[in-house]
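Chain by chain, the residues:
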Amino acid sequence: MEVYFDNSATTRCYASVKDIVVKTMTEDFGNPSAMHKKGIEAENYVKESAGILAGLLKVQEKEILFTSGGTESNNLALIGGVMANRRSGNHIVTTSVEHAAVGQPAAYLEDQGFEVTYLPVDERGVVKMDALEEALRPDTILVSTMYVNNEVGAVMPVEEIGRLVHAKCRKALYHVDAIQAFGKYRIYPKKSGIDLLSVSAHKIHGPKGAGFLYINEKAKVQPQILGGGQQNGMRSGTDNVPGIAGLGIAAKEIYANFDKNIEHLYELKEHLAEGLGSMENVLINGMAVREGAPQILSASFPGIRSEVLLHTLEDRNIYVSAGSACSSHKRKASGTLSAMGMPKEQKESTIRFSFSEENTIEEVDYCLSVLKEVVPMLRRYARR
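Throughout this description, residue numbers start from 1 for each chain and increase along the sequence as written. Predicted model: local features are reported for residues with pLDDT of at least 70 only, side-chain atom pairs are reported and counted for 80 or more only, and whole-chain, interface and lining totals are derived from all residues. Think of the side-chain values as coming from all heavy atoms in the structure, minus any hydrogens and water.

Participant: So what exactly am I meant to see when it comes to the pattern of salt bridges here?
Facilitator: Pairs can form between side chains of opposite charge whenever their charged atoms are close. Here, a salt bridge means any side-chain nitrogen of Lys or Arg that lies within 4 Å of a carboxyl oxygen of Asp or Glu. Under the criterion given, the structure shown has 17 salt bridges. Here Asp 6 ties to Arg 352 by a salt bridge, and the two come within 3.2 Å at their closest N and O atoms. Here Asp 6 is found in the loop between strand E1 (3-4) and helix H1 (15-26), whereas its partner Arg 352 is found in strand E12 (residues 350-354), with 346 residues between them in sequence. Accessibility classification places Asp 6 together with Arg 352 in one group, the buried group. Ionic pairing is found between Glu 63 and Lys 190, a salt bridge with its closest N-O pair at 2.8 Å. Residue Glu 63 is found in the loop between helix H2 (37-57) and strand E2 (64-67), and its partner Lys 190 is found in helix H7 (residues 189-192); the two are separated by 127 residues along the sequence. Accessibility expressed as a relative area gives 1% for Glu 63, which makes it buried. Assessed through its relative accessible area of 39%, Lys 190 is described here as partly exposed. It is possible to trace a salt-bridge network through shared partners that takes in Glu 115, Arg 137 and Asp 139. The numbering of helices and of strands both runs from the N terminus, where a helix is a DSSP run of H or I of at least 4 residues and a strand a run of E of at least 2. Note on classification: 1.4 Å probe, protein chains only; a residue is buried when its accessible area is under 20% of the maximum for its type, exposed when over 50%, partly exposed between these limits.

Participant: Any chance you could explain unusual backbone geometry here in plain terms?
Facilitator: With the exception of glycine, the majority of residues adopt a negative phi angle, and the majority of peptide bonds are in the trans configuration. With a phi angle near 70 degrees, His 205 is a residue other than glycine that sits in the positive phi range. Locating His 205 in the fold gives a position in the loop between strand E7 (196-200) and strand E8 (211-215).

Participant: I tried to follow the nonpolar core on my own but got confused; where do I start?
Facilitator: Soluble, globular proteins show a tendency: their nonpolar side chains are buried together. By nonpolar core is meant a set of buried Ala, Val, Leu, Ile, Met, Phe, Trp, Tyr and Cys residues that side-chain atoms within 4.5 Å join together. Phe 182, Phe 212, Leu 276, Phe 301, Leu 309, Phe 353 and Leu 371 are the most contacted members of the largest nonpolar core, which has 103 residues in total. Ranked by the residues each element gives to this core, the list is headed by helix H8 (residues 241-256), at 9 residues. We call two residues contacting when some pair of their heavy atoms lies within 4.5 Å. In contact with Phe 353, not counting residues within four places along its chain, are Phe 5, Leu 272, Leu 276, Gln 295, Ile 296, Leu 297, Ala 299, Phe 301, Val 320, Cys 367 and Leu 371. Within the second largest apolar cluster, 22 residues are counted, among which are Leu 65, Val 102, Leu 173 and Leu 213.

Participant: It is not clear to me how the sheet that holds E7 should be interpreted in this structure. Could you clarify?
Facilitator: Paired through their backbone hydrogen bonds, the strands of a sheet run either parallel or antiparallel. Paired strands, in this sense, are two strands between which DSSP finds at least two bridges. The 7 strands are arranged E2-E8-E7-E6-E5-E3-E4 in an open sheet whose pairing can be described as mixed. In this open sheet, the two edge strands, each paired with only one partner strand, are E2 and strand E4 (115-119). The sheet shows a mean angle of 20 degrees between the axes of neighbouring strands, direction not considered. Here strand E5 (residues 140-146) runs beside strand E6 (residues 173-177); their pairing, made up of 5 bridges, is parallel. Its bridge partner being in E6, Val 143 is matched across the sheet by Tyr 174. The axes used here are C-alpha line fits, helices contributing only the stretch in contact, and every angle between their N-to-C directions lies in the interval 0 to 180 degrees. Here H2 sits on the sheet and contacts E2, E7 and E8; the angle it forms with E2, its principal contact strand, is near 120 degrees. Of the strands in this sheet, E5 and E6 are in contact with helix H6 (residues 158-168), which crosses E6 at around 160 degrees.

Participant: Please clarify how the sheet that holds E12 should be interpreted in this entry.
Facilitator: Taken in spatial order, the 3 strands of this open sheet run E9-E10-E12, and their pairing is antiparallel. This sheet does not close on itself; its edge strands, each paired only once, are strand E9 (283-285) and E12. Going from strand to strand, the sheet's axes swing by 30 degrees on average, the running direction of each strand aside. By the bridge criterion, 3 bridges tie E9 to strand E10 (residues 296-300) in an arrangement that is antiparallel.

Participant: What is the right way to look at the environment of Arg 137 in this model?
Facilitator: Within the fold, Arg 137 resides in the loop between helix H5 (129-135) and E5. Expressed as a C-alpha distance, the spacing of Arg 137 and His 91, which sit 46 residues apart in the sequence, is 7.9 Å. Beyond its immediate sequence surroundings of up to four residues, Arg 137 is in contact with His 91, Glu 115 and Cys 169. Polar contacts here mean pairs of N or O atoms no more than 3.5 Å apart (in protein, one a potential hydrogen donor and the other a potential acceptor; neighbouring residues in sequence count only if both atoms are side-chain atoms). Within the local environment of Arg 137, its side chain forms a polar contact with the side chain of Asp 139, the two groups lying 2.9 Å apart.

Participant: Is there a simple way to think about helix H10 (residues 306-315) in this case?
Facilitator: One turn of an α-helix holds 3.6 residues; hence residues three or four places apart share an orientation. Of all the residues in H10, the buried ones are Ser 306, Leu 309, Leu 310, Thr 312 and Leu 313. Buried residues of H10, viewed axially, fall in a sector of 165 degrees; they line one side. Asn 317 sits one or two positions beyond H10 and adopts a positive phi of about 65 degrees. Starting at the helix axis, one direction is taken to each C-beta atom, and the arc is that of these directions.

Participant: What exactly am I supposed to notice about H6 here?
Facilitator: Listing the buried residues of H6 in full gives Val 158, Ile 161, Gly 162, Leu 164 and Val 165. The inward-facing, buried residues of H6 abut H5, E5, E6 and H7.

Participant: Can you walk me through the pairing of E5 in this structure?
Facilitator: The buried fraction of E5 amounts to 7 of the 7 residues, a majority that puts the element mostly inside the structure. Pairing analysis gives 3 bridges linking strand E3 (residues 91-95) to E5, with the strands arranged parallel. Bridge pairing in E5 links Ile 92 to Leu 142. When the strands point away from the viewer and the path from the first strand over the helix to the second turns clockwise, the crossover is right-handed. This β-α-β element, E5 to H6 to E6, shows right-handed connectivity.

Next up, the structure:
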């Protein structure tokens, strides 16, 4: 049996996504900027995907900007948002648990002379609202928080944050990294006070190299890629039609059976949590199972280094993560786990299990049976 529990790193493409990607690469392969029939055919795929996404978010199609994925969306939101509004202030607010695709642009902006406040989180990984309220100032021009933490599945109170930001800082933009949340929550940016929202296709069974940034029509964002003026000059470069078409199909499909899918994810998560709870000295991290994101369960196995357990599970055809896959080739102590106040031994023994609706209870049972076999053995070796 092969068990893939690393869906927060990437997901398997839906068959419908594969089909449309192949079709737009081999049949309807025109350049959407071209004025002839093949170009118009390609442009229609882009318009259709924009319509799907706008419908799901209850926004306008013109507020959907296609990108190469979550990292580009986050960079454009932070750097483009700040640069377009720098005359209004010099202060940025984010959290201490952001993905590097937000953390690195924030550090870059610090180097450019902007002041950045990094908010603390509680032991569950949730941002402290009193710290946010204290941090907001008249010169705050952008606030950026994730919706769902990619390591422990902590869910941020985005609607509450949106209300607070706009009540205290009318000129500030509120950006939400929704890369782990889109497809797992019904998200309505206008209702939640979200001005900028980042999404990545490959987290929702779409193709890699595609994503989008929702930009409220009233928000000012400075383009970062210049050239042919595509997408109303906001992002030059030939549209990635296969990626965009695949993203639209994936989004449509993942929300088609939304309630059923989410309940299934929580059942998988609960079943794994109960099994881990029956094991000696295994710690579940973050929020309570039903309070946190449905697809992510973080657990620590003190006495065993996470990489050792990861590769032991891999030998049994079980695939998990020892942290954010985006930075796994440069393993260092997790900023999220440190910010949560986690002791060193617990941090160094943490594994992330992340599910999709394609996973089964049988796979969870197999994973638990392997863990119950190998964890005591690995601990004995570690003590020698």
